[in-house]
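In case you want the letters, here they are:
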Amino acid sequence: APDWAMLTLLIARGFSFALYSNASGAYLADILPSSERSRWLGMNVGFNQIAIALAPAIAELAIVHWGYHALFYAAGAFLVGGMGLLLGVTRRPSPAADASIKVLQVGAEFMGELGARRFRYLYLTLLMMACGLGEVFNFTATYVTSLGLSSGLFFLLYAAINAASRMGGGSLSDRYGRAVIIIPTLSLFAI
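Residues numbered from 1 in each chain as written. Predicted model: local features only at pLDDT ≥ 70, side-chain atom pairs only at ≥ 80, totals over all residues. Heavy atoms only, no water.

Engineer: Mind showing me how you'd approach the confidence of the model for the protein here?
Structural biologist: Close inspection of predicted coordinates is inappropriate in any region flagged by low pLDDT. Per-chain confidence: the protein averages 79 in pLDDT, with 93% of residues scoring 70 or above. Averaged pLDDT values for the elements of the protein fall to 72 in helix H4 (residues 103–113) and rise to 87 in helix H3 (residues 68–86). (pLDDT = per-residue confidence, 0-100. Helix = DSSP H or I, 4+ residues; strand = E, 2+ residues; numbered from the N terminus.)

Engineer: Help me understand a nonpolar patch on the surface, please; the structure alone is not making it clear to me.
Structural biologist: On the surface, Phe47, Ile50, Leu54, Ile58, Phe78, Leu153, Leu156 and Leu157 cluster together to form a nonpolar patch covering roughly 750 Å² of accessible area. Looking at the nonpolar patch, the elements with two or more residues in it are helix H2 (37–66) and helix H6 (151–169). Per-element tally for the nonpolar patch: the top contributor is H2, with four residues. Tracing the backbone shows Ile50 in helix H2. Under the relative-accessibility criterion, Ile50 is labelled partly exposed at 34%. (Patch = residues over 30% accessible without salt bridge, like charges linked within 9 Å, V, L, I, M, F, W, Y side chains within 5 Å. Areas by Shrake-Rupley, 256 points an atom, 1.4 Å probe, with all protein chains shown as cover. Salt bridge = Lys/Arg side-chain N within 4 Å of Asp/Glu carboxyl O. Buried < 20%, exposed > 50% of the residue type's maximum accessible area, 1.4 Å probe, protein only.)

Engineer: Help me out: how do you make sense of the environment of Gly25 in this one?
Structural biologist: With respect to the helices, strands and loops of the structure, Gly25 is situated in helix H1 (residues 4–31). Assessed through its relative accessible area of 21%, Gly25 is described here as partly exposed. In sequence terms Gly25 and Val45 are 20 residues apart; their C-alpha atoms lie 9.3 Å from each other.

Engineer: I would appreciate a short explanation of the environment of Thr140 in the present structure.
Structural biologist: Tracing the chain through its elements places Thr140 in helix H5 (residues 117–146). Residues Thr140 and Ser151, spaced eleven residues apart in sequence, show a C-alpha to C-alpha distance of 7.7 Å.

Engineer: Got a minute to help me understand the side chain of Ser38 in this structure?
Structural biologist: Summarising the element assignment, Ser38 is placed in helix H2. Side-chain polar atoms of Ser38 contact the side chain of Ser173, separated by 2.7 Å. (Polar contact = N/O pair within 3.5 Å; in protein donor to acceptor, adjacent residues only side chain to side chain.)

Engineer: Help me understand the packing of H2 against H6 in this model?
Structural biologist: When two helices pack together, their arrangement is captured by the angle between the axes and the distance separating the axes. Axis separation between H2 and H6 bottoms out at 8 Å; the angle between their running directions is 170°. Relative to H6, H2 is oriented roughly antiparallel. (Axes fitted to C-alpha atoms, helices over the stretch in contact; angles between N-to-C directions. Parallel < 35°, antiparallel > 145°, perpendicular 65-115°, else oblique.)

Engineer: What should I look at first to understand the packing of H5 against H6 in this one?
Structural biologist: Packing of H5 against H6 brings their axes to within 8 Å, and their N-to-C directions diverge by 140°. From H5, Leu133, Phe137, Thr140, Ala141, Val144 and Thr145 reach across to H6, where they touch Ser151, Phe154, Phe155 and Tyr158. Residue classes in the contact of H5 with H6 are distributed as seven nonpolar, three polar and no charged. (Contact = heavy atoms within 4.5 Å. Nonpolar A, V, L, I, M, F, W, Y, C, P; charged D, E, K, R; others polar.)

Dropping the structure here:
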């Protein structure tokens, strides 16, 4: 049953993954020329999709053949390997390194900016897309499993198509402009 230890682990997981994602995305944006930023951010997320493709299949194999302990050992091995690889990344000093962290101030500024026209539609669109994706994505594994099918296979196909699209089409918004790509692809996503 869920308890405080599980809650603590979920909070730590969400917090750490969010901060890692923000820092790694910002690091990538710092080292990329602005004319190719969309292309390489697409490649970055494409690699994440490859992991989303492989991880459920690996997890399903581990659970079926060796149990849930093997799943956690495998996940731990991937994380330790990733941390080892990060030791080779060149450290870049942050221009804001000396500034103190003002979480409440940043949060208040963000909430204030949400009312500004330049952010309002972008973040409402993102919220709606994320809700639609989250609803389907989080329950697809349960649904597919209830049909007697492999959820690992579903995620493998989904993520492989997603990764290939990001890697192949990531530069389209650099070439043709953001709005020209956002509007038709958002419509396709909704369909």
